[in-house]
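An overview of the molecular structure
The lines below spell out each chain.
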Amino acid sequence: MKKLFYLLLAFFGLGCNFSQAQVQKGSVLIKNATVLTVTKGNLESADVLVQNGIITQIGKNITAPTGVQAIDATGKYLMPGIIDAHSHVALDVVNEASAPITSEVRMKDVVNPFEIGIYRALAGGVTVSHAMHGSANVVGGQNATLKHRWGAKDPADIIMQDAPRTIKFALGENPTRVHGRGNGIQPRSRMGVEAVIRNGFNEALQYKKAWETYAAAKNTKGNTLTPPAYNERLQTLADILDGKIIIHCHSYRADEIYMLINVAKDFNIKKLVFQHTNEGFKVAPEIAEYTMGASVFADWWAYKMEVYYSTAFNAAILQRNGAITSINSDSAELIRHLYHEAAKTQRYGGLTDDEALAMITINPAKQLGIEDKVGSIEVGKQADLVIFDSHPLSSYAVPQMTFVDGIKYFDVVADKDDQRQLVSATEMVEPIFLRANEEAHRCMQDVEIFLDAFDVAFLKEKH
Amino acid sequence: MMIFGWVMQVSWAQSDPSGKRRVTSSFAITNATVIKSPGDIGSKATVLFKDGIITGIGAGLSIPKDAKVISGDSLFVYPAFIDGGSNIGISEPMDDESTKDFNSSNPPDELAGITPWRMATDFYSSASNEVDEWRKVGFAMSQVIPEGGMLPGKTALVSLGDPKNIAIIQANVAMAANFRGSRGMYPGTVAGVMAKFRDVYQNSILALEHEKLFASVAGVKRPQTTPTQLAMAPVVQKQLPILFTANSELEARRAISLQKELGFKLILTGLENYESVIDLIKSSGTSVMIKLQVPDDKAIKSQKEEGVTEATKAQYARVKEAYDQSLKQAANLEKAGVSFGFSTLDTKASNVHKALSTMIANGLSEKAALAALTTNPASVLGISRIAGTLEKGKLANLILTTEPLFKESSQIKHVIVDGYVFDYEVKKKSNSAPNSSATPENSENSVEGVWDYVSETPAGSSGGEITIKKENGVLGGSISYDDPAGSGKASAPIKNVTVTGKNLKFEFDVSAGGMSFTVTVSGEVNGKSMEGTLSLPQMGSFPFNATLSSPSQLN
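Keep in mind the model is a prediction, meaning the values are calculated, not measured.

For the rest of this paragraph, the subject is the overall build of chain B. What chain B contains, in helices and strands, is 10 helices and 26 strands. Relative to the globule expectation of 24 Å for 555 residues, the C-alpha radius of gyration of chain B, 25 Å, shows essentially globular dimensions. On the principal axes, the C-alpha backbone points of chain B span a range of 80 × 75 × 60 Å. Evaluated residue by residue, chain B yields a buried proportion of 52% over its 555 residues. If you take every contact in chain B between residues at least 6 apart in sequence, the share linking residues at least 24 apart comes to 60%.

Residue and element names in this part refer to chain B. On the basis of which strands lie adjacent, the open sheet formed by 6 strands has the order β8-β11-β12-β13-β14-β15 and mixed pairing. Every other strand in the sheet has two partners, leaving β8 (153-154) and β15 (341-343) as the edge strands with one partner each. Relative to strand β11 (residues 175-177), β8 runs antiparallel, the two sharing 2 bridges. Pairing of K154 across the sheet is with M175, part of β11.

Our next topic: the nonpolar core. Core analysis: the largest hydrophobic core is formed by 192 residues, its most contacted members being F201 of chain A together with F197, F244 and L268 of chain B. It is helix α2 (residues 190-216) of chain B that contributes the most residues to this core, 9 residues altogether. Listed in part, the 27 residues of the second largest apolar core include V447, A492, V497 and M530 of chain B.

With that settled, the discussion passes to helix α5 (residues 232-241) of chain A. When you tally the buried positions in α5 of chain A, you get 8 out of 10 residues, the bulk of the element. Of all the positions in α5 of chain A, only E232, L234, T236, L237, A238, D239, I240 and L241 of chain A are classed as buried. Residues of α5 of chain A that are buried sit in contact with β8 (139-142), β10 (165-170), α4 (190-218) and β11 (245-251) of chain A together with α2 of chain B. The backbone nitrogen of R233 of chain A has a side-chain oxygen 3.0 Å away, supplied by the residue at the start of α5 of chain A, namely N231 of chain A.

What follows covers the packing of aromatic side chains. All names here are of chain A. Inspection of the entire model under this criterion finds 23 aromatic pairs over all chains. Taken together, a centroid distance of 6.1 Å and an interplanar angle of 45° make the contact between Y119 and W150 tilted. In this pair, Y119 sits in helix α2 (residues 117-123) while W150 sits in the loop between β9 (144-147) and β10, placing the two residues 31 residues apart along the sequence. You can call W150 buried: its relative accessible area is 9%. On the numbers, 5.9 Å between centres and 65° between planes, the contact of Y119 with F410 is edge-to-face.

Within the element layout of this structure, G192 of chain B appears in helix α2. Of the residues examined, G192 of chain B reaches a relative accessible area of 0% and is grouped as buried. On a C-alpha basis, the gap between G192 of chain B and D509 of chain B in space is 31 Å, while along the polypeptide they are 317 residues apart. Beyond its immediate chain neighbours, meaning those up to four positions away, G192 of chain B contacts E96 and V105 of chain A together with Y186 and P187 of chain B.

A few words on unusual backbone geometry. That bond from Q186 of chain A to P187 of chain A is cis: its omega, 5°, falls within 30 degrees of zero. With respect to the element layout, P187 of chain A can be found in the loop between α3 (173-183) and α4. A cis amide bond, omega -5°, links Y186 of chain B with the succeeding residue P187 of chain B. Within the secondary structure layout, P187 of chain B lies in the loop between β11 and α2. Phi is positive for V38 of chain A, close to 75°, though the residue is something other than glycine. Of note in the backbone geometry, N268 of chain A takes a positive phi value of approximately 55° without being a glycine.

Next up on the list: the side chain of Q419 of chain A. Residue placement: Q419 of chain A occurs in the loop between β17 (407-411) and α12 (449-459). Polar contacts involving the side chain of Q419 of chain A include one to the side chain of Y119 of chain A, which spans 3.1 Å. Among residues more than four places away in sequence, those in contact with Q419 of chain A are I116, Y119, W150 and A414 of chain A together with R318 of chain B.

All names here are of chain B. Packing of α2 against helix α4 (residues 249-262) brings their axes to within 12 Å, and their N-to-C directions diverge by 25°. Between α2 and α4, the angle is such that the two are roughly parallel. Handedness of the crossing formed by α2 with α4: right-handed. Contacts between α2 and α4 involve V190, M194, F197, R198, Y201 and Q202 from the first element and R254, S257, L258, E261 and L262 from the second. Of the residues in the contact of α2 with α4, the class split is 6 nonpolar, 2 polar and 3 charged.

Rules and cut-offs
- Residues numbered from 1 in each chain as written.
- Chains lettered and ligands numbered in written order.
- Predicted model: local features only at pLDDT ≥ 70, side-chain atom pairs only at ≥ 80, totals over all residues.
- Heavy atoms only, no water.
- Helix = DSSP H or I, 4+ residues; strand = E, 2+ residues; numbered from the N terminus.
- Rg over C-alpha atoms; globule rule 2.2 N^0.38 Å.
- Buried < 20%, exposed > 50% of the residue type's maximum accessible area, 1.4 Å probe, protein only.
- Contact = heavy atoms within 4.5 Å.
- Pairing = 2+ DSSP bridges.
- Core = buried A, V, L, I, M, F, W, Y, C linked by side-chain atoms within 4.5 Å.
- Polar contact = N/O pair within 3.5 Å; in protein donor to acceptor, adjacent residues only side chain to side chain.
- Phe/Tyr/Trp six-rings, centres within 6.5 Å; stacked < 30°, edge-to-face > 60°.
- Axes fitted to C-alpha atoms, helices over the stretch in contact; angles between N-to-C directions.
- Parallel < 35°, antiparallel > 145°, perpendicular 65-115°, else oblique.
- Left-handed = near helix turned anticlockwise from the far one by under 90°.
- Nonpolar A, V, L, I, M, F, W, Y, C, P; charged D, E, K, R; others polar.

Listed below in structure tokens is the structure:
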């Protein structure tokens, strides 16, 4: 009997999805809130009914079905769960910095559901984050889209299993510093970065061809063709060319952004999002025309040479040029107040409330390919929701409750001092590893030169 | 170089000028309480063994004329222990030299820690002190794991017996694997290791396909199977299991997810924190060897009763809860119906008795504890036919204790391995501490000599040697550490060496990546061991342990 069960599982390709059954889904009725749907306007004193993790009804005077808890949100604001398109929260490893292309590396392998950053993000209303590989390599690892189901012990339970695959690319100073200057290999310049990408894709085409040729010959009589070497690095690049993976590219300068657009055009790649994109305002029409937009900081720059030519109007300029634009954190601290970061686009650029809120909800959802599931309050979508005490774009806004799939994971009233999921049995206070430059974003985590020296000598975590 | 313990066996000459030759290989333990297997309540019996094999167990057996009699009155006889995974007697392989055209993004396998062709037998020495230490606490066999990176090589089952005998029972038991990245090259992190593991595995399958085609069809290009692929063949053919060292719950999950993806046979070893994966271990049917160790209670002991805030008290409570929980893990594993063995990897022989009694005090049954030391590892290692219980025809591996095994005051009087009897001094019952074996009084001189150290960091452990000597009345010396510039060791002079009472403190400078920083090491010396911390400016402190491997003979 048991055998049959396993056989069936294998047959339906469900073998790896055991854990999905574990994901909790809740039902709840939120009443009398000002509902900021983001995509369909605002509703005053409206109710939102969630059943089994899905928004099933939005309107007035909805009564709670039996067994469903009703929460009175009179005078409060309900918005979709905030989505951070660039984060490194809940990752045990950020950079496999040892080769210019590491597309075979999967962040899903190193997700750590115990990291306290998940809870802190929930306290800032963030329900989905894009856990990215770092920017040490031209082509980094494949990222993981996470749902902040705090308390889960199995990493698979916080991975958004129905999100499409995404991958990290990086241009400019980081890959040229680590590989060119650090290791004396290509790329040493921006030209080298482009060459690495083009060579990679061309090799991937050859790889794909070799396997197709082998597959066709394999079962013919007297075949003498042998299987090509397996190479997940090239297979992943081939998957990008086949439109199966969305590129999220770390970039700053307009010239390198435009370079990658040209590379994408040459290889017929359509799924491309730029990250950071500080000079995006210079090439906004090009980004709008050809890509899935840009994910930017509200006002963060000048931490290295290539990031000096920047403006806080960047997001607004991109938005008004028709590019899909999101505001991201790339930081365990900024992730806690992305609503505040989004509000800066009103100060610098005069965006409307909906435009500003879209920067941290539906727009990042589009860039992650999950806009049909999350990112707005609509019937049929997953119930990732946040209740604020005042309008989320107000300087005084404080998140009150955060829901993922209709389950409440944060409640400001029930916010214990110690929210750790995992406590060491042998240490009174867990060690805190101070980064040499705490302000720096985590894209280059594990690669800082000082840390590198330290890692090399004592942590054996070499890059 | 490697030391082949077993090649020391010499053919016995007619006479024995050394006087060490045994008078007989036949023995009889008389009138002892014999516990034949886990759960057996024990009964008075005689145990006969000859030439390393048990020849009879029972009451009223006649004692062979050539047998040496061991009086078992008041003693208890148990099957000797089997260690599910250790590095007993294992030396580290020599570091490979980088080649001229070395490229850190694509290093040769042997530099990247991928050496599945290596065999633990090539690095094992039965003359190692560790063999004595572990035998003394009851172990007769161990699965030894080679040192190295992500795929260090094949494990072997060895007998912890007389060094004159050949130790190897079985050479290729499992393929060892770690989540350890290589220093300064690909794969450098856990993420890279998992990707590289898949790569190695899949290409080993393809290499076999290629070889098969080459053997059957003319005109096929010559296979160029690498040593890695050759060594991995029995793994991908599911003949040889992978013995994955996984300390934490997340590592256990990672190993099991690789297993589900690729389909190899899996044994987990070295498990330290596994509470939340017990169900997964059970449902996946994974064999496990848990670490024969309980967490140290320093954090618990340092909790103060008075003068602390409510917030601190709340933190105390959580650490206490985590500590208590961790002591119950083994019991919970038993409760879940998982039969497990023990691994002694990174543990101390002197802590075994305490670890076992703590686990039992926290709910592990004595039956399950004995099974974890005997029948369970025997079953996982496929040696149930010859070991694990006391039965006629099985190997004469047994231990004799003064009291029931798990009793606090129980002491081991004899350990018998392959029919060789090892006698141990039994202390008179008193209030004295169990470790009363002559600890020399600590003085400044006693820190001199060569120390082996290990520093635990969040990314794993790192170690080397410290040489301390006095020159012109001033203590100085050197320390070796993993070279920041690549593989191998670097060394630096130590400075500001001070000894205050039991405390030893010194500093050294490390330069790497154009930066230089001072590392401070301080700790308490007790006899030949030192426990303390290694600290770095701005980086924090890490546990540091050292043992004085060769004390200075100067005085």
